[in-house]
Structures are given as C-alpha cells and as structure tokens.
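# Residue-level structure breakdown
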Amino acid sequence: MPVFGCAESLAHPATRLVRPNPLTARAMADNTTLHAAFAGQIHAALDALEAKGVLPAGLPRHAVTLEAPRDPSHGDLATNAAMVLAKGAATNPRALAEALVAELAALPLVAEASIAGPGFINLRLADAAWLGELGAIAALGADYGRSTLGAGTTVNVEYVSANPTGPMHMGHCRGAVVGDALAALLEFAGHKVVREYYVNDAGAQVAVLARSAHVRYREALGQAVGEIPEGLYPGEYLIPVGQALAAEFGDRYAAAPEGEWLGLFQARAVAAMLVMIRDDLALLGIHHDLFSSEAELQARGKPEEAEAWLRAQDLVYDGLLEAPKGKMPEDWEPVALPLFRSTRFGDDQDRPIKKSDGSWTYFGADLAYHYQKAQSADALVDIWGADHAGTVKRIKAAVAAMTARDGAAKPFEVKLVQMVQLLRDGEPVKMSKRSGNFVTLREVVEEVGKDVVRFTMLTRKPEAQMDFDFAHVVEASKDNPVFYLQYAHARICSTLRKGAAEGFAPADGALHRLGAEELELVKLAAQFPRLVESAAVAREPHRVAFFLGDLAAAFHSYWNLGNDRVEKRFIVAQDAELTGARLFLATQIGQVIRNGLALLGVVAVEEM
RNA sequence: GCGCCCGUAGCUCAGUUGGAUAGAGCACGAGCCUUCUAAGCUUGGGGCCGCAGGUUCGAAUCCUGCCGGGCGCGCCA
C-alpha cells in the first residue's frame, strides 16, 4: 500500500503524519498502529532530506511503500523509498538510501536501519515497539484493528438477492457469506455499510410462483391435483402457503380465472418466501438492513424516470436487437426495442431495457434500482454468482451513465463468486432442479454448523472455484482450517483457565521478560490492523481467514516449544512475573483471533 | 465465434495490488507425548509460477498473442 496514497491520507490525516513521535502511549490510544506511525516517520524523514537539499522538493511519493518484508531476517519493516525517488533526485538508490538511513536510524524505536539489495531500507524495531503493540491490543480490545480508512463514507453492499421463489439453497450460500463478511469488514475499516437485498418480485418467476401456490391452494381445499404441472415449482415448501391461502380465502379463487387471483397470490406467496429466506439467512447469522422490492420500484415509476433521462442523453434509443452470438434460437426474429447504448462503455452490444410487450427487462429495472442505491451511498458493491458474469458490463455501463447524472460517476464494483461443488466423501452431490431436489442451506447448516459453513466459504478467494466436502469440513484435525483455528483459541482459553486456577493472572508489568519467540508471535498479531485495511480496500474478506490461519499456526508452534522446554510454557509455576507476562501475551493473541473471527461471523469457542 | 474467471510443488490452495532466495497444508521420508489439550509441533526432499513475447531498476503479479479448464452469451432472472 502506498504510504502517501489517497487511501492512506484518508486514514491518517496529515496532522497525525507530521506528529514528531507518533509512537507514544498517546498515539497508541488513538489507535495508531505501528505501521501507520512509521509511514509517518518516513514521510517526515523525506521532508527532512528535502529541507537539507538532498532531495528536490515536491517529488511524487505515491510509489513509496512501507511493508513488512516476507523474510523476517530482513527486518520488521522495509521501504523502497530510495529506489523510487533516486531517479527524481538525480542520484543512485544507494546514495539516497544512506541519507535516509541516517535520518531513520536516529528514531527512538528504531533498533537498526540498514540498506539491502538494490536499495531497500530495512528497519528493525526495538522490542519496546512491539511490546507497546501488545498493550494497544489490550487497551483496544474488540476494537483492535478497527480503522478510520473508510472515513465514514457509505458503501452499499448488495448480496444474496435470490429470487423469492423458494428456500435458500447452497447455490446462494457462498455469495451470502462473502457479502456478509465483506460488509462487516468494511464497517470495521471505517465505512458506513448498508446491507441490501434486491427482491425480484416483478418478473415471470414470481408469476410462476403464484400459479404454483394456486395449485397448492386447491390441494389444501381438498381437490386432487396430482403431479405438479411441468414448469411450476414442485417444492413441498409451498404446501403451507396453499393452506394459508385456503384458510384466508376459502374456495373463492378455486375456479376463478387467473386474472382475479394472480396478483394477490403473488403478493402472499412472495411474502411467505421472504419470511422463509430471512429465517434461512438468520441460520448463518446474516441480517440485511434493507429489502428493496422490484415491484415497488416499478410502481413508483423509477424505470420510466431513468429511461426518460437516458433518452435525453441519447443513451437509450429505439433500435434493432442484434441476434444472440451463441447458438441461434430457431424462432429468432429481429425486433425494435428501446436499447441502452452499453457499447459506448465497452459492452459487446446494446441491451434492451424493455420487452416487446412493453414490460421492463430485468436489466431495465435493475438499472433504475442501482441508481436508487447510488443516491444514498458513496460507493456500491454487488456480490453476484459467476453465472451472471455476462451481464456485468452492461450494469457497470448503466451505473456509470446514471450516476454521472449527479456529478462524478459513483464507484461501483461487481464481485463475482464462483460456484461451489458439493461433495460427500469425494463424490459430487447430485442435484436435480426438475424435481425440486436441491440441497438447501438449512440442511447444510443443520448438518455441519453455521461457523463451519461460514469459515469454509471464506477459505478460498471468491473468484476461485471451490469444493465443499461434508466429511472434510467437520473433520477434527489440522487439515481442517476451521478446526485448527478454533483449537488455537480454545488452547488459549484453557491456558488462562488453568493459570487462574493456579493463582496466576495476565499482567503487563514485566513484558520485557518475553523473549524472541514470544516477540515473533506479537509481530504477526500486530499485522492485523494493516491486514484489515488492505483486505477492505481489495474487498477480499478471505484474507482475514488466511491471516488467522497463519496466526494460529504461529501460536501452535510456540505452544509446542513447551513440549521439550518446560521453561517455554505459558505457566511457569516458580516465576509469577514471567507467567503473568506470558498469560498477557496469550490473552492478546486470543483477542486478535476473536477480532478476526468476528469479522468473518464465526464464534471463537472457548473449549472443544 | 465472443465475453468474464482460473492456470503456482504429485494434490488442494496462498502470494501483502510491481519487490529481495516464490510460500503453506495434504501426500511421502525422519523425529517429538511423566504436558497448560500430541485434535498439535519439528525436520527433509519436491517448482521452466501454462507457453511465447513486451513494459522497467525489478514481473507469479501489468500489456499482447497463443494453449488448457470453468462459467456465460434471447425480450430469461
């Protein structure tokens, strides 16, 4: 991440960056992380070089980075400043690095500053710097890692948005979890977040739902309906809907023409489906702030408004729809339809916003819907299944066009979530849509548990395909990342319990007693605030899961030192001072694990 | 045919948005339990980062073209 890029300046206002020594107890209380503090120090050092005339004033610093080197032997922090700025300073990287090192080495918490390779500057921090971070974790507790990066701007995250025609199934699961974790991550990173669900209650699908409910309604009235007709939803979940309709309306609509009951049954059935969907989502701990109805959007004339404005801009015109590019339908005929000029924004062809019967296409309404969302947010994120990848360009085009209406176009991203293949003992689980025999979210959550489902969905980057094997995700071994992480936390808790039973409490009075191995653990945990920020910027919650895996591994590794060396155990009975410091360390590592798991919506268990 | 995603150890995947000698788990080999949970840890071998060019101080990462896999390509949603 650029030290002085725009994200960084949002997060850490200039006043903080120029503070002479941010690494003080007071700075810690302000939630200044070590990383942010040293970004400021480098800035200050470069200013000093400018003042001395070593560096020309005003060189762009956006490419300057400060990061923890991959190889810990290189030090705690590294910057490429000398390499990046050497050309502009008309000198070579090493000469500039030497000048910069002289400035940085003088800082109180820098133990060592050295030049490496082509001109990297490696900083090794004093132990006190890391021990201070341990104190910061304790002071901030559940807020450790919380960032001001988002600067209070509002991000609307739309996720799930499954058609309200049945229960949630596993096809919806990954997007639901990724969206929900992303929402939590953005909130933690300082954004206001709106969690939104778009209810497609206006299209052909919900008419089919209403007809299906009507069959179940007649069934509830005692009619023999036989097999559910082809093309309708056969699922048994509509039986109670039919019963409720029968109880409410008696036989009034049993033989009535469709026109008399379709709208009514549709509304009743959609409402019932939404109750069911919310219950299903609640099983995963997912709660949206807002359910937006497509039918309502249309009733308020929003698509018409959008069309009128787009026509005025010549972004919608009446034209001939191009033939589909793939396999050609036999009944294809060219028709004139109102088309949005998405080709101007890189799409392959212009896209219809209305059907030939005058009703809105999904896209036509969706365009107006996104404009509606943009009015109350600074940025939009949609989480979609990969099967909708083909429509990304048109909606991005539409949002760019529509939001330009109010000034600059709003940032808008579509995150595609790839398919999950369900396996049972290595064999694909067969799903037949025709019979309505899909694996529901509820079944899976009830079988393996909420935490397992959520964590597993986040153990892969969203755009990579994933297998979900029922046997593997509940396995109690280190092969299973959910378990591995929970086990680390449970170990910490059991250690604290045992310590308490023996009369020891965590204490920060003698943290200097902690050795090199303990500091390694602290250094890793201290990466958490920066990780939160980079994961939020990238909109990638899975990074939190991977970080926690690394932290758990480091913890288990440290723990096992005690196998061979009794003096490295957390509880050293004859040394209360050291035990207090170690238990303090354990407490704070546990805190970071909890904070990370909280972002993922996973409960940290205290014993297993 | 076109668009999007993916291609990294035998397998499953990370890779800090362009940084230093590309990492972890599984599997395979060798070790560690009188213990705060061995449900764990240590250690060894294993790589043309799909291929070929390009951009620059520097590429697994960015650009172009191929190859292979997945998803999609009606006025459906």
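For the structure, check the block above.
Let us look at the structure shown here. These figures come from a predicted structure and were not determined experimentally.

### Observations regarding the sheet that holds strand E12 (residues 412-417)
To summarise the sheet geometry, strands pair through backbone hydrogen bonds and adopt either a parallel or an antiparallel arrangement. Taken in spatial order, the 5 strands make up an open sheet running E7-E6-E5-E11-E12, and their pairing is parallel. Here the strands that pair on one side only, and so sit at the sheet edges, are strand E7 (290-293) and E12. Taking each pair of neighbouring strands and ignoring which way they run, the sheet shows an average axis angle of 25°. Here strand E6 (residues 192-199) pairs with E7 via 4 bridges, running parallel. Looking across to E7, one finds that Glu-196 is bridged to Leu-290. Sheet strands touched by helix H15 (residues 392-403): strand E11 (379-385) and E12. Its angle to E12, the strand with the most contacts, is close to 165°.

### Some thoughts on the pattern of salt bridges
Oppositely charged side chains are able to pair whenever their charged atoms sit close together. Scanning the entire structure with this criterion turns up 36 salt bridges. A salt bridge links Arg-195 to Asp-180; its shortest N-O distance comes to 3.9 Å. Residue Arg-195 is located in strand E6, and its partner Asp-180 is located in helix H8 (residues 170-188); the two are separated by 15 residues in the primary sequence. Neither residue differs from the other here; Arg-195 and Asp-180 are each classed as buried.

### Thoughts on the environment of Glu-333
Locating Glu-333 in the fold gives a position in the loop between strand E8 (316-320) and strand E9 (336-340). The exposure class of Glu-333 is exposed, given its relative accessible area of 58%. A C-alpha to C-alpha distance of 77 Å links Glu-333 and Ala-106, two positions 227 residues apart in sequence.

### Points about the side chain of Gln-266
Within the fold, Gln-266 resides in helix H11 (residues 258-283). Of the residues examined, Gln-266 reaches a relative accessible area of 16% and is grouped as buried.

### Examining the environment of Ala-89
Note that Ala-89 resides in the loop between helix H5 (81-85) and helix H6 (93-105). The class of Ala-89 is buried, set by a relative accessible area of 14%. On a C-alpha basis, the gap between Ala-89 and Asp-279 in space is 62 Å, while along the polypeptide they are 190 residues apart. For Ala-89, the residues in contact, after removing those within four places along its chain, are Leu-55, Pro-56 and Leu-59.

### What to know about the packing of aromatic side chains
Taken as a whole, this structure holds 19 aromatic pairs when the rule is applied. With centroids separated by 5.3 Å and ring planes inclined at 50°, the aromatic side chains of Trp-261 and Phe-265 adopt a geometry described as tilted. A residue pair is termed a helical-turn pair when its members lie 3 or 4 positions apart in one helix, as Trp-261 and Phe-265 do in helix H11 at 4 residues. By relative accessible area, which is 0% here, Phe-265 ends up buried.

### Quick notes on the sheet that holds strand E13 (residues 420-424)
Here 3 strands make up an open sheet; going across it, the order is E14-E13-E15 and the pairing mixed. Unpaired on one side and paired on the other, strand E14 (427-428) and strand E15 (466-469) mark the two borders of the sheet. Note: E13 against E15, 4 bridges, orientation parallel. Note on E15: the bridge partner recorded for Leu-423 is Asp-469.

### Here we look at helix H4 (residues 34-51)
In an α-helix, one full turn covers 3.6 residues, which means residues spaced three or four apart are oriented alike. Over its 18 residues, H4 runs 26 Å from end to end, which matches the ideal 26 Å to within 8%, given 1.5 Å per residue. Buried residues dominate H4, accounting for 13 of its 18 residues. Just beyond H4, the residue with positive phi is Gly-53, at close to 85°.

### Looking at empty space enclosed by the protein
Taken as a whole and judged by the stated rule, the model has 3 cavities of 30 Å³ or more. Of the pockets and cavities examined, the largest cavity occupies roughly 80 Å³. In terms of lining residues, the largest cavity is bounded by 11 residues, among which His-35, Leu-77, Trp-130, Ala-526 and Gln-527 are the most central. Taken together, the elements giving at least two residues each to the lining of the largest cavity come down to H4 and helix H7 (127-140). A breakdown of the residues in the lining of the largest cavity according to their chemical character gives 5 nonpolar, 3 polar and 3 charged.

### Focus on the nonpolar core
Across soluble globular proteins, nonpolar side chains show a tendency to be buried alongside one another. Within the largest apolar cluster, 149 residues are counted, with the highest numbers of intra-cluster contacts made by Phe-38, Leu-123, Leu-125, Val-453, Phe-468, Phe-528 and Ile-589. With 29 residues, the next largest nonpolar core counts Val-316, Leu-367, Ala-374 and Val-399 among its residues.

### Remarks on the pairing of strand E3 (residues 110-116)
As paired strands, E3 and strand E4 (residues 120-125) are joined by 6 bridges and run antiparallel to one another. Directly across from Ser-114, in E4, lies its bridge partner Asn-122. What sits between the antiparallel neighbours E3 and E4 is a turn of 3 residues, in which Gly-117 has the positive phi angle 55°.

### Here's the deal with the packing of helix H20 (residues 516-525) against helix H23 (residues 576-600)
Packing of H20 against H23 leaves a shortest axis separation of 10 Å and a crossing angle of 25°. By the angle between their axes, H20 is roughly parallel relative to H23. The handedness of the crossing between H20 and H23 is left-handed. Taken together, the residues of H23 that come into contact with H20 (itself represented by Glu-518, Leu-521, Val-522 and Ala-525) are Arg-582, Leu-585, Ile-589 and Val-592. For the contact of H20 with H23, the class distribution of residues is 6 nonpolar, no polar and 2 charged.

### Some points on unusual backbone geometry
For Val-160, which is not a glycine, the phi torsion comes out positive at approximately 75°. Tracing the sequence through the fold places Val-160 in the loop between strand E5 (154-158) and H8. One non-glycine residue, Asp-314, lies in positive phi territory at about 60°. Position of Asp-314 relative to the elements: it lies in the loop between helix H13 (302-312) and E8.

Reading the values: the criteria
Residues numbered from 1 in each chain as written. Chains lettered and ligands numbered in written order. Predicted model: local features only at pLDDT ≥ 70, side-chain atom pairs only at ≥ 80, totals over all residues. Heavy atoms only, no water. Pairing = 2+ DSSP bridges. Helix = DSSP H or I, 4+ residues; strand = E, 2+ residues; numbered from the N terminus. Axes fitted to C-alpha atoms, helices over the stretch in contact; angles between N-to-C directions. Contact = heavy atoms within 4.5 Å. Salt bridge = Lys/Arg side-chain N within 4 Å of Asp/Glu carboxyl O. Buried < 20%, exposed > 50% of the residue type's maximum accessible area, 1.4 Å probe, protein only. Phe/Tyr/Trp six-rings, centres within 6.5 Å; stacked < 30°, edge-to-face > 60°. Expected span 1.5 Å × (residues − 1). 1 Å grid on protein atoms, 1.4 Å probe; cavity = no way out; pocket = protein on both sides within 12 Å on 5 of 7 lines; lining within 4 Å. Points joined across faces, edges and corners; volume = space filled by probe spheres on them. Nonpolar A, V, L, I, M, F, W, Y, C, P; charged D, E, K, R; others polar. Core = buried A, V, L, I, M, F, W, Y, C linked by side-chain atoms within 4.5 Å. Parallel < 35°, antiparallel > 145°, perpendicular 65-115°, else oblique. Left-handed = near helix turned anticlockwise from the far one by under 90°.

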